[in-house]
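Observations on chain architecture
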Amino acid sequence: MSQGKVLKVSGPLVVATGMEEANMFDVVHVGEQGLIGEIIEMRGDRASIQVYEETAGIGPGVPVVTTGAPLSVELGPGLIETMYDGIQRPLEEMVKQVGANITRGIKVPALSREKKWTFVPTAQVGDEVEAGDIIGTVQETVIVQQRIMVPYGVKGVIESIEEGDFTVEETVCKVRLADGSIRDLTMMQKWPVRRGRPYKEKLVPEMPLITGQRVIDTMFPIAKGGVAAVPGPFGSGKTVVQHQLAKWADADIVVYIGCGERGNEMTDVLMEFPELNDPRTGESLMKRTVLIANTSDMPVAAREASIYTGITIAEYFRDMGYSVALMADSTSRWAEALREMSGRLEEMPGEEGYPAYLASRLAQFYERAGRTISLGKEGRLGALSAIGAVSPPGGDISEPVSQATLRIVKVFWCLDSQLAYKRHFPAINWLQSYSLYVDRLEKWYEDNVAKDFPVMRLETITLLQEEAELNEIVQLVGVDSLSFEDRLKLEVAKSIREDYLHQNAFHDVDTFTSMNKQYKLLKLILSFYELGKDAIKKGANFGKLSSLEVRESIGRFKYIEEEKIDQSFEALMGEMKAAISDLVSKEAEDDD
Amino acid sequence: MIKEYKTISEVVGPLMLVKDVENVTYDELGEIMLPTGEKRLCKVLEINGNNALVQLFESAAGINLKESTVKFLGHGTQLAVSPDMLGRVFDGMGRPKDGGPEIIAEKMLDINGLPMNPAARDYPSEFIQTGVSAIDGLNTLVRGQKLPIFSASGLPHADLAAQIARQAKVRGSEGNFAVVFAAIGITHEEAEFFASDFRKTGAIDRTVLFMNLANDPAVERIATPRMALTAAEYLAFDLGMHVLVILTDITNYAEALREVSAARKEVPGRRGYPGYLYTDLATMYERAGKKRNQEGSITMIPILTMPEDDKTHPIPDLTGYITEGQIILSRDLYRKGLKPPVDVLPSLSRLKDKGIGKGKTREDHADTMNQLFAAYARGKECLELVTILGEAALTEVDLMYAKFSQAFEKEYVSQGYDTDRTIEQTLDKGWELLKMLPKSELKRIRDEYIEKYLG
């Protein structure tokens, strides 16, 4: 293998000479310790290398060896429940090897080479197989079954296939290729992270990703295979939103990327997820989760890679036919890593020092999400939904990363610091956020939740919009100048905000709301509006109407456990009707 | 044999170019020998073939291109650590400043430290009682947290920080406690305020001070907080102590960083600060924390002054993105005479939820905290309405809220710098104030607690 020499070191950027044999984007090892780096620029025999580890102590003359292969991840059994760094080194293993701090030049394989997995063949000798076909399965955790696929570029007839316990490097299947040669297949395959995994066809999304978060599912839903962005200033609850989605989204697999964020947040996930149970399977949430953690104090170049590492793993599960949800917190830190490398390469900067290719890189990343038909004869349907947090400086989304993101994503959850100050969480602003999937998902909601759900959604948004307009009047002339009908509107809008949109992530019951419960709660609030309007027309007293006791029960409805929902709904509905008609008839009596 | 180079070819601002060097590595520490015999420190910022670009830690005055020599020491910037550091005062580069003897090093540590593996962290959850209601009750501090104070010029952040350092304790675990204090470009007067406060309470014996004062070299400030954190890491993770680190003022640090970046002609990010300011600050702040199965912890209170009281300025902004919350001081409240003038609404402690509740503080803590926040926010809104429309525009309940918010500021927040309230006193104070509102308004508190505590 060709060996070059370091010429220049500037932070994470190393320039080496004598690299004419290396390819662009090859992984290289720098120095005696073998620090991992990647070639990002070639000029003659000079290669510019971004090094994924701290470069202190590296100087001119130090050897650089290329591996001849691009940055790749290992895909196979052992991914689930593991926390990796940005270049797919298992962090738990690193603690065992070197202790609590990350030293340099540690080499740990991403998938354990010792652990044996039980391989159950689903294909038979003599079967014709091609890339993407499933040859067998491995039960990785209680809920996740890995489907072992024929790797890309392989097509032939199965010569032999074995059942039993194997490590990821042992051959489980032999395939005779068209040219007569034999190809050994293992349970592990590798894939370069910067290239999207191929699929047969991309489809448009048509089902929502149910998250159990009322403001999201009802108001601004994201589709399975869709893309969403959550921009917000610090303290507005981006990370809590991301964690809530990772916890409760009805995906088969969750890939969570902590990209340049706090170490304690990843620790929180590691400690909390195993304790929580998935409401659908009843199993621990950790058993469907893969974590990528490249915290802000870890080397900046590996932060750039972490996003790609995460999405490649997500694509792999998508190809198996799973619905995968990927959260990236935060893409702004990734963009900053890009900016830092670009600065060191002395490239001409675009806006705010970010490289000119920022927008296209972001677009490439988000475009790897989608609903697809996988390769292989089966035509499996998979979906990869991507949700990226954005941390705009000063909360001002006119900055380049937010703007480039908004051009691509279809769902925008706008976090509002004013709401956060009032401790209204999730602090998703209902007037500024949007979801472009609403129309496309309407049919699903009609068929699966209730016929009138889309209408109710529209009514809710209209009420909130009208509230904002009415509030402007109130600020000028006071609430007394409004008609009772308008004041009722304000009361109901307040109820929508406080009883519906506000959701306590730390409350055992409130943290997740099923679609059935969402529908019923919203129905209660809107029915109160309909009945109330009617009552006011008939002359009922507004003060008494707005302070009916049943309203407090509606306010506490969100804390009622899922099993008791239907029963409580009927009871409350009855109570409300009785109370309001009582009010109306009393009024009539008073008039007499 | 360490080579001495007489090949200094440029000195520009805090940067110096040394030519024809051999075997010099990135981030290596160098020593400049002046013709007068004076020694100064520098470190390698970039090495390109035979040219080393170095950053001076002290002023360039007196460096003579012909006569001065440089030698590279073969290691990065290091700090000599030992248990004897406690009670001592050092300068910004870690050299004794109190006239005492040199520290006999137990070991030499690289001041950049190593990133902590997130898999090895222990989630902070032990409640620290600071005795300050605005913090304990509403923005609770826990062991291993990094909670900055966002202040502005002319506000009494020093009083608050000193009060926290004096009163902070974890109840039921006494003893092994230490303070590491780093003065970064602050005035002698302010530094002396802290030192005398530590002396007065006797805490000085458990304190390590690093002093880079306003008239000390500005670029030295790049090293000072890292010196302090290296000392803190040694005390916490080698000696098992619970360390409180106070860094003041981060704004001066960021300015020193900007000076070096500008001298290197790097493409600036916002307001001229380098694009890597976030990463750079993170490598300091993230050194706070706790490790699994290990004694000791680092709790960090960085103080920064917001230029123009602007929270969106890059320094507070990026800090807020890294730290686990922030305590914000407000000029309006200061003018109203609140001591401390903590603006509780935009203040936040992200880790409070794990540190409060039954067994840690008291069962009613979370509920009353949410209720106080909501009521205070509503009260302030009502007060604003009053200024526009007059009191007549408010409903009866709104008026109660307005009164509540005024009483809340006066009695709950403004407790003075010498009052040390236990958490029970803080919580009871909250209940006392909530009595001003009708019971039906206390929607965020569970009925059982209302019955038990409202009385």
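Residues numbered from 1 in each chain as written. Chains lettered and ligands numbered in written order. Predicted model: local features only at pLDDT ≥ 70, side-chain atom pairs only at ≥ 80, totals over all residues. Heavy atoms only, no water.

Quick notes on the overall build of chain B
What counts here: The helix and strand labels rest on DSSP assignments: H or I over at least four residues marks a helix, E over at least two residues marks a strand, and numbering proceeds from the N terminus. C-alpha atoms define the radius of gyration in this analysis, and the globule rule sets the expected value at 2.2 Å times the number of residues to the power 0.38. Residue burial is assigned from relative accessible area. The probe radius is 1.4 Å, only protein chains are included, and a residue is buried under 20% of its type maximum, exposed over 50%, and partly exposed in between. Here, two residues are considered to be in contact whenever any of their heavy atoms come within 4.5 Å of each other. Methods summary: accessible areas were calculated by the Shrake-Rupley approach with a probe of 1.4 Å, and residue burial reflects only the protein chains presented. Lys and Arg are tallied as positive, Asp and Glu as negative. Neither His nor the chain termini are counted. Charge positions come from single atoms, namely NZ of Lys, CZ of Arg, CG of Asp or CD of Glu.
A tally of regular secondary structure across chain B gives 13 helices and 18 strands. Against the compact-globule benchmark of 23 Å for 455 residues, chain B has a radius of gyration of 25 Å, which places it among compact chains. For chain B, the spread of C-alpha atoms along the principal axes amounts to about 80 × 50 × 40 Å. Split into buried and exposed, the 455 residues of chain B put 61% on the buried side. The contacts of chain B with a sequence gap of at least 6 include a subset with a gap of at least 24, amounting to 73%. If you sum the accessible surface of chain B, you get close to 17,000 Å²; carbon and sulfur atoms cover 49% of it. Charged side chains of chain B number 55 positive and 65 negative; the gap between the two group centres comes to 2 Å.

Re the pattern of salt bridges
Quick note on the threshold: Put simply, a salt bridge is a Lys or Arg side-chain nitrogen that is within 4 Å of an Asp or Glu carboxyl oxygen.
Following the criterion strictly, the structure yields 82 salt bridges over all chains and no others. Linking A:Asp486 and A:Lys489 is a salt bridge whose minimum nitrogen-to-oxygen distance equals 3.9 Å. Note that A:Asp486 and A:Lys489 are positioned in helix α12 (residues 484-501) at a spacing of three residues, about one turn of the helix. By relative accessible area, which is 22% here, A:Asp486 ends up partly exposed. Between B:Lys452 and B:Glu363 there is a salt bridge whose closest N-O contact spans 2.6 Å. Placement of the pair is B:Lys452 in helix α13 (residues 447-453) and B:Glu363 in the loop between α9 (352-355) and α10 (365-389), with a sequence separation of 89 residues.

Regarding the interface of chain A and chain B
Our working rule: Note: buried area is the sum, over both parts, of the accessible area (probe 1.4 Å) each one loses when the two are combined. Any pair of nitrogen or oxygen atoms within 3.5 Å is treated as a polar contact; in protein, a donor-acceptor pairing is required on top of that, and neighbouring residues in sequence qualify only through side-chain atoms on both sides.
Listed as interface residues are 67 residues of chain A and, on the opposing side, 65 residues of chain B. The junction of chain A with chain B conceals about 5,600 Å² of combined surface from both sides, 53% of it contributed by carbon and sulfur atoms. Where chain A meets chain B, there are four salt bridges. Put simply, A:Lys8 and B:Glu46 hold a salt bridge, and the shortest N to O gap is 3.7 Å. On inspection of chain A and its partner chain B, the count reaches 32 residue pairs in polar contact (both at pLDDT 80 or more). Only β1 (3-10), α1 (91-98), α4 (263-272), α5 (300-319), α6 (331-344) and α11 (453-477) of chain A provide two or more residues apiece to the side of chain A that touches chain B.

Looking at the packing of aromatic side chains
Short version of the rule: Here a pair means two rings of Phe, Tyr or Trp (six-membered ring of Trp) with centres within 6.5 Å. Their orientation is stacked below 30 degrees between planes, edge-to-face above 60, and tilted elsewhere. In our convention, an over-ring charge means Lys NZ or Arg CZ found within 6 Å of a ring centre and within 35 degrees of that ring's normal.
Inspection of the entire model under this criterion finds 22 aromatic pairs over all chains. A ring pair is formed by A:Phe365 and A:Tyr366, whose centres lie 5.1 Å apart and whose planes are at 65°; its orientation type is edge-to-face. Of the two residues, A:Phe365 and A:Tyr366, both sit in the buried class. Three or more aromatic residues link up through ring pairs in this structure, and these residues are A:Trp444, A:Tyr445, A:Phe453 and A:Tyr519. Across the ring face of A:Trp117, the terminal group of A:Lys115 is positioned such that the distance to the ring centre comes to 4.7 Å. Taking NZ or CZ as reference, B:Lys291 lies 4.2 Å from the ring centre of B:Phe237, over its face.

A word on the environment of B:Leu345
Along the chain, B:Leu345 turns up in the loop between α8 (331-335) and β18 (348-349). The exposure class of B:Leu345 is buried, given its relative accessible area of 12%. Along the sequence, B:Leu345 and B:Asn139 sit 206 residues apart, while their C-alpha atoms lie 9.8 Å from each other. Excluding anything up to four places from it in sequence, B:Leu345 contacts A:Tyr421, A:Arg423, B:Phe373, B:Tyr376, B:Ala377 and B:Lys380.

Overview of the side chain of B:Arg287
Residue and element names in this part refer to chain B. Mapped onto the secondary structure, Arg-287 falls in the loop between α6 (277-285) and β15 (289-290). Within the structure, the side chain of Arg-287 is placed 3.1 Å from the side chain of Thr-230, a separation counted as a polar contact. Of the polar contacts made by the side chain of Arg-287, one reaches the side chain of Glu-233; its length is 3.0 Å. Discounting chain neighbours no more than four positions away, the residues touching Arg-287 are Ile-111, Asn-112, Gly-113, Met-116, Arg-226, Leu-229, Thr-230, Glu-233 and Ile-298.

Focus: the nonpolar core
Test applied: Nonpolar cores are built from buried Ala, Val, Leu, Ile, Met, Phe, Trp, Tyr and Cys residues. Side-chain atoms within 4.5 Å join them into one set.
If you look at the biggest cluster of nonpolar residues, it comprises 166 residues, and the most contacted ones within it are A:Ile135, A:Phe317 and A:Trp413. Per-element accounting of this core gives the leading share, eleven residues, to helix α13 (residues 515-537) of chain A. Apart from the residues lying within four places of it in its own chain, the contact partners of A:Ile135 are A:Phe119, A:Pro121, A:Thr122, A:Ala123, A:Val129, A:Ile148, A:Val150, A:Ile158, A:Ile161, A:Cys173 and A:Leu185. Listed in part, the 70 residues of the second largest apolar core include B:Ile164, B:Ile186, B:Leu244 and B:Tyr401.

Here's the deal with the packing of α6(B) against helix α7 (residues 314-322) of chain B
Two numbers describe a pair of packed helices, the interaxial angle and the distance between the axes. Residue and element names in this part refer to chain B. The condition is simple: For helices, the axis comes from a line fit to the C-alpha atoms of the stretch in contact; other axes are also lines fit to C-alpha atoms, and the angle between any two N-to-C directions lies between 0 and 180 degrees. Put simply, angles under 35 degrees are roughly parallel, angles over 145 are roughly antiparallel, angles from 65 to 115 are roughly perpendicular, and the rest are oblique. Crossing handedness is defined as follows: a turn of the near helix away from the far one that is anticlockwise and smaller than a right angle gives a left-handed crossing, while the clockwise case is right-handed. Residue polarity is assigned by list, with Asp, Glu, Lys and Arg as charged and Ala, Val, Leu, Ile, Met, Phe, Trp, Tyr, Cys and Pro as nonpolar; anything else, Gly included, falls into the polar class.
Look at α6 against α7: their axes get within 10 Å of each other, and the N-to-C directions meet at 50°. Looking at the two axes, α6 sits oblique to α7. When the axes of α6 and α7 are compared, the crossing they make is right-handed. Across the interface between the two elements, Leu-277, Tyr-278, Leu-281, Ala-282 and Tyr-285 from α6 touch Leu-318, Thr-319, Tyr-321 and Ile-322 from α7. In terms of residue class, the contact of α6 with α7 is made up of eight nonpolar, one polar and no charged.

Details of the environment of A:Lys538
All names here are of chain A. Residue position: Lys-538 is located in the loop between α13 and α14 (542-546). Lys-538 gets classed as exposed once you look at its relative accessible area, which sits at 54%. Put simply, Lys-538 and Ser-553 are 15 residues apart on the chain and 24 Å apart in space, counted from C-alpha to C-alpha.

Here we look at helix α3 (residues 238-248) of chain A
Within α3(A), ten of the eleven residues are buried, which leaves the element mostly enclosed by the surrounding structure. Taken together, the buried positions of α3(A) are A:Lys238, A:Thr239, A:Val241, A:Gln242, A:His243, A:Gln244, A:Leu245, A:Ala246, A:Lys247 and A:Trp248.

Some details on the sheet that holds strand β16 (residues 182-185) of chain A
Residue and element names in this part refer to chain A. The condition is simple: Being paired, for any two strands, means DSSP has found at least two bridges between them.
Read across the sheet, four strands follow the order β10-β13-β15-β16 without closing on themselves; strand pairing throughout is antiparallel. The open sheet has two edge strands with one neighbour each: β10 (128-130) and β16. Between one strand axis and the next, the sheet turns through 40° on average, direction left out of account. Across five bridges, strand β13 (residues 155-161) lies against strand β15 (residues 173-177) in antiparallel orientation. Across the sheet, the residue bridging to Val-157 is Arg-176, located in β15.

Focus: the pairing of strand β11 (residues 134-139) of chain A
Residues and elements named next belong to chain A. When you tally the buried positions in β11, you get five out of six residues, the bulk of the element. Examined bridge by bridge, strand β9 (residues 117-121) and β11 share three bridges and lie antiparallel to one another. Pairing of Pro-121 across the sheet is with Gly-136, part of β11. Sheet analysis places β11 next to strand β12 (residues 145-149), joined by five bridges and oriented antiparallel. In the sheet register, Gly-136 faces β12, and the bridge partner there is Ile-148. Taking the residues between adjacent antiparallel strands as the criterion, β11 and β12 are bridged by five residues.

Side note on the sheet that holds β11(A)
Residues and elements named next belong to chain A. Reading across from one edge, β12-β11-β9-β14 is the order of the four strands in this open sheet, with antiparallel pairing throughout. Across the chains shown, the open sheet's two edge strands, defined by having one partner strand only, are β12 and β14 (164-166). Mean inter-strand twist for the sheet, computed between neighbouring axes without regard to direction, equals 35°.

Quick word on the pairing of strand β20 (residues 253-259) of chain A
Residues and elements named next belong to chain A. How we decide: Assignment of crossover handedness uses the view with strands pointing away from the viewer, where a clockwise path from the first strand over the helix to the second indicates a right-handed crossover.
The buried count for β20 comes to seven of seven residues, which makes it a mostly enclosed element. Burial of β20 is two-sided: the residues Ile-253, Val-255, Ile-257 and Cys-259 facing one way and the residues Val-254, Tyr-256 and Gly-258 facing the other way are all buried. Pairing analysis gives six bridges linking β20 to strand β22 (residues 323-329), with the strands arranged parallel. Paired with Ile-257 across the two strands is Ala-328, which belongs to β22. Chirality of the crossover, the property in question, places the unit of β20, α4 and strand β21 (residues 289-294) among those that are right-handed.

Notes on the environment of A:Thr55
Here A:Thr55 is to be found in the loop between β5 (46-51) and β6 (63-70). Residue class for A:Thr55 comes out buried when judged on its relative accessible area of 2%. C-alpha of A:Thr55 to C-alpha of A:Pro299: the two residues are 244 residues apart in sequence and 9.4 Å apart in space. Beyond its immediate stretch of four places on either side in the chain, A:Thr55 contacts A:Val9, A:Gly11, A:Pro12, A:Val14, A:Leu35, A:Arg104 and B:Tyr26. Here A:Gly11 takes part through its backbone oxygen, which lies 2.6 Å from a polar atom of the side chain of A:Thr55.

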